Amino acid sequence: MGFPKEFLWGAATASAQIEGGWDKDGRTPSVWDVLPADKIENGDSPREGCNHYEHWREDVDIIKRLGLKAYRFSISWSRVLPRRGEVNPKGLQFYNDLVDALLEAGVEPMVTLFHWDLPVWVAEFGGWDSGEAAIAFLEYVKVVVDALSDRVRYWFTFNEPQCFVTDVTNEGRDHDVKRAGRNVMLAHGRAVEVIRTYAHKSPLVGFAPMGMCAAPVPGVMDEALAKEMTFSQAAGAMGMSWWLDPIILGVIPEPLKDTLSEDDIKTICQPHDFFAGNCYFAVNYLKRPGRENLLAFPGMPKSATGWPVTPACLYWFTKFCWERYRLPVIITENGFANTDFIMLDGKVHDPQREDYIRRVLADLEKAIDEGVPVFGYLHWSLLDNFEWTHGFDIRFGLVYVDYKTQKRTIKDSALFYANVIKTNGGCLTELK
Ligand code: NOJ
């Protein structure tokens with residue numbers, strides 16, 4: 001069977017990680033622009049980033065050259081609304097032009113509305129701990145939907161809320177995790193309503209959580225147990241079921257029984273058009289997260305972030321999520337950090353990333369062949385970029401970025417991926 005004909009081969013990025021232009025054309029800072037230097041490795045800052053704000057045409061040309069069918073990017077809230085109630089026409093124009101250029105290049109634009117770059121002005125009145133942030137978020141969503149939904153069909157409300165409600169660096173201070181989580185879930189539900197009410201073109205809406213996947217281990221953990229672990233509530237706000245059971249199934253998980261009411265669920269649980277998930281590796285804990293990972297062994301293959309290269313991760317992830325949530329699946333992020341550099345021949349040879357891509361796509365193909373309706377794969381990331389508190393040393397891109405000159409160099413893995421796309425996965429069988 002293999003990949004369906006219309007499979008959405010793509011790549012993803014996020015505004016704070018690539019745009020730069022932190023104070024250009026009326027934008028105000030996000031919490032990431034003002035973090036103290038000692039919070040980020042090497043004192044790096046996203047303020048200039050890959051300067052996609054000025055290099056976006058070149059970046060769209062690269063997307064076109066690689067033959068990507070879809071491109072997921074996020075909107076910088078403080079570029080569009082530098083202050084509450086004040087729409088920035090230049091900020092909106094940037095995204096309008098980007099969407100037009102993508103469509104002209106035959107690429108499906110996919111918008112993430114919130115990928116961690118909270119405007120400082122929202123953080124100032126309490127961030128996600130305050131219900132007011134959710135209200136401000138909806139005002140912003142309405143502006144973006146009104147401006148882009150005549151051309152954008154795919155919408156993701158939040159990216160990996162697990163991270164921004166649990167990690168202090170995201171707002172520079174501690175959160176009341178349950179309170180912030182509830183506010184984000186309510187904001188998600190209302191945002192879905194706003195998108196469906198105001199979209200000019202019939203929208204497809206979802207949520208992009210961090211995907212946790214436990215894979216079976218022969219002789220130790222069977223499929224049923226691995227599936228149970230994948231949705232384990234012991235993972236709390238870092239897990240998937242804490243978020244997705246209320247959002248997709250309308251079920252309040254045990255740890256949130258004291259936080260969510262049935263009335264909340266009426267708002268939170270809105271129809272989704274697909275299941276989206278970011279998944280990079282599988283883990284396997286016998287009892288609870290934090291214990292020894294059964295899939296780990298000394299000297300096992302790892303990426304530059306230390307993340308394990310685990311077999312069949314996307315196979316189990318998509319299968320388990322389909323079985324639980326019964327929605328067509330799109331992988332909104334998956335990728336490999338590598339120690340890339342420009343080599344003596346002027347190119348970036350990154351065979352580890354290519355090998356990783358081969359493995360994960362073989363997993364996906366197997367899931368599809370067994371009937372899991374996977375309709376897209378978005379590689380993280382299009383460009384090397386600002387990896388949050390790890391700064392710029394970690395390189396996830398298909399395209400190498402020299403941060404001094406902003407020169408882009410297409411890596412070998414990108415050329416390989418371009419061939420995967422061109423052959424709709426056909427070339428993956430070569431090494432089988
Ligand atoms: C998930 C996050 O959404 C993205 O921002 C991050 O760069 C990648 N994972 C890699 O860590």
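In case you missed it, the structure is sitting above this.
Being a predicted model, the structure only gives us computed values, none of them experimental.

Participant: How should I be thinking about the overall build of the chain in this particular structure?
Facilitator: On a plain count of helices and strands, the chain comes out with 14 helices and 10 strands. Whereas a compact globule of 432 residues would reach a radius of gyration of roughly 22 Å, the chain reaches 20 Å, a difference of no more than 12%. For the chain, the spread of C-alpha atoms along the principal axes amounts to about 55 × 55 × 45 Å. Scored against the burial criterion, the 432 residues of the chain give a buried share of 62%.

Participant: Is there a simple way to explain the pattern of salt bridges in this structure?
Facilitator: In this structure the tally under the stated criterion is 29 salt bridges. As a salt-bridge pair, Arg-359 and Asp-355 come within 2.5 Å of each other at their nearest N and O atoms. Placement of the pair is Arg-359 and Asp-355 together in helix H13 (residues 351-369), with a separation of 4 residues, close to one helical turn. According to the relative accessible area criterion, Arg-359 is partly exposed, its value standing at 48%.

Participant: Explanation requested: the environment of Gly-239 in the structure shown.
Facilitator: Tracing the backbone through its elements, the reader meets Gly-239 in the loop between helix H9 (223-230) and helix H10 (241-249). Beyond its immediate chain neighbours, meaning those up to four positions away, Gly-239 contacts Gln-162 and Met-212.

Participant: Help me out: how do you make sense of unusual backbone geometry in this one?
Facilitator: Outside of glycine, negative phi angles account for most residues, and trans bonds account for most peptide bonds. The linkage connecting Trp-380 with the following residue, Ser-381, adopts the cis geometry, with an omega of 10 degrees. Tracing the backbone through its elements, the reader meets Ser-381 in the loop between strand S8 (374-380) and strand S9 (399-402). Phi at Ala-312 takes a positive value of approximately 60 degrees, unusual for a residue other than glycine. Within the secondary structure, Ala-312 is located in the loop between strand S6 (275-278) and helix H12 (313-325).

Participant: What's the story with the site of the ligand in this structure? I'm lost.
Facilitator: Around the ligand sit Gln-17, His-115, Asn-159, Glu-160, Asn-278, Tyr-280, Trp-307, Glu-333, Trp-380, Glu-387, Trp-388 and Phe-396, and those are all the residues in its vicinity. Separating an oxygen atom of the ligand from a side-chain N or O atom of Trp-380 is a distance of 3.3 Å. Here an oxygen atom of the ligand sits 2.5 Å away from a polar atom, N or O, in the side chain of Glu-387. In the complex, the protein chains occlude 95% of the 290 Å² of accessible area that the ligand would expose alone.

Participant: I keep staring at the packing of H12 against H13 and nothing clicks. Help me out?
Facilitator: The relative placement of two packed helices is expressed as an angle between their axes plus a distance between the axes. Between H12 and H13, the shortest axis-to-axis distance is 7 Å and the interhelical angle comes to 35 degrees. The element H12 and its partner H13 pack so that their crossing is right-handed. Counting all contacts with H12, which are made through Cys-313, Leu-314, Tyr-315 and Thr-318, the residues of H13 involved are Val-360, Asp-363, Leu-364, Lys-366 and Ala-367. Within the contact of H12 with H13, the residues separate by chemical class into 6 nonpolar, 1 polar and 2 charged.

Participant: Which parts of the structure should I look at to understand the nonpolar core?
Facilitator: Grouped burial of nonpolar side chains is what soluble globular proteins tend to show. If you look at the biggest cluster of nonpolar residues, it comprises 156 residues, and the most contacted ones within it are Trp-77, Trp-128 and Phe-137. Sort the elements by how many residues they give to this core and helix H6 (residues 131-148) lands first, with 11 residues.

Participant: Which parts of the structure should I look at to understand the pairing of strand S4 (residues 154-159)?
Facilitator: For a regular strand, side chains alternate in direction, first toward one face of the sheet and then toward the other. When you tally the buried positions in S4, you get 6 out of 6 residues, the bulk of the element. Where strand S3 (residues 108-114) meets S4, 4 bridges bridge the pair, whose relative direction is parallel. Note on S4: the bridge partner recorded for Val-111 is Trp-155. Relative to strand S5 (residues 204-208), S4 runs parallel, the two being bridged by 4 bridges. Note on S5: the bridge partner recorded for Trp-155 is Val-205.

Participant: Honestly, the pairing of strand S2 (residues 70-74) in this entry has me stumped. Any pointers?
Facilitator: Counting buried residues along S2, 5 of its 5 residues qualify, which places the element largely inside the surrounding structure. Here S2 shows a buried face lined by Ala-70, Arg-72 and Ser-74 and a second buried face lined by Tyr-71 and Phe-73. Relative to S2, strand S1 (residues 8-12) is paired through 3 bridges, and the arrangement is parallel. Looking at S2, one finds that Ala-12 is bridged to Arg-72. Note that S2 and S3 share 5 bridges and pair parallel. Paired with Arg-72 across the strands is Met-110, a residue of S3.

Participant: Would you mind going over the sheet that holds S4 with me for this structure?
Facilitator: Each strand in a sheet pairs with its neighbour through backbone hydrogen bonds, running either in the same direction (parallel) or in the opposite one (antiparallel). Read from one edge to the other, the open sheet built from 8 strands follows the order S5-S4-S3-S2-S1-S8-S7-S6, with strand pairing classed as parallel. With partners counted over all chains shown, the strands left at the sheet margins are S5 and S6, one partner each. If you compare each strand with its neighbour and ignore which way they point, the axes differ by 25 degrees on average. Each of S6, strand S7 (329-333) and S8 touches H12; the most contacted strand, S7, lies at about 130 degrees to it. In the packing of H13 onto the sheet, the strands contacted are S1, S7 and S8, and the crossing angle to S8 comes to about 165 degrees.

Participant: Hey, could you run me through the side chain of Glu-387 in this one?
Facilitator: Inspection of the secondary structure assignment puts Glu-387 in the loop between S8 and S9. Of the side chains with opposite charge, Arg-353 comes closest to the buried, unpaired Glu-387, at an N-O distance of 10 Å. Residues within four places of Glu-387 in sequence aside, it is in contact with Gln-17, Trp-380, Ile-394 and Phe-396.

Participant: Help me understand H13, please; the structure alone is not making it clear to me.
Facilitator: Residues spaced three or four apart along an α-helix face the same direction, because each turn holds 3.6 residues. In a regular helix each residue adds 1.5 Å, so 19 residues correspond to 27 Å; H13 covers 27 Å between its end C-alpha atoms and thus fits that length. Buried residues of H13: Arg-353, Tyr-356, Ile-357, Arg-358, Val-360, Leu-361, Asp-363, Leu-364, Glu-365, Ala-367 and Ile-368, and no others. Taken together, the buried residues of H13 touch S1, H12, S7, S8 and helix H14 (412-422). Phi turns positive one or two residues past the end of H13, at Gly-371, with a value near 100 degrees.

What counts, and at which threshold
- Residues numbered from 1 in each chain as written.
- Predicted model: local features only at pLDDT ≥ 70, side-chain atom pairs only at ≥ 80, totals over all residues.
- Heavy atoms only, no water.
- Helix = DSSP H or I, 4+ residues; strand = E, 2+ residues; numbered from the N terminus.
- Rg over C-alpha atoms; globule rule 2.2 N^0.38 Å.
- Buried < 20%, exposed > 50% of the residue type's maximum accessible area, 1.4 Å probe, protein only.
- Salt bridge = Lys/Arg side-chain N within 4 Å of Asp/Glu carboxyl O.
- Contact = heavy atoms within 4.5 Å.
- Near = heavy atom within 4 Å.
- Polar contact = N/O pair within 3.5 Å; in protein donor to acceptor, adjacent residues only side chain to side chain.
- Areas by Shrake-Rupley, 256 points an atom, 1.4 Å probe, with all protein chains shown as cover.
- Axes fitted to C-alpha atoms, helices over the stretch in contact; angles between N-to-C directions.
- Left-handed = near helix turned anticlockwise from the far one by under 90°.
- Nonpolar A, V, L, I, M, F, W, Y, C, P; charged D, E, K, R; others polar.
- Core = buried A, V, L, I, M, F, W, Y, C linked by side-chain atoms within 4.5 Å.
- Pairing = 2+ DSSP bridges.
- Lys, Arg positive; Asp, Glu negative; His and termini not counted.
- Expected span 1.5 Å × (residues − 1).

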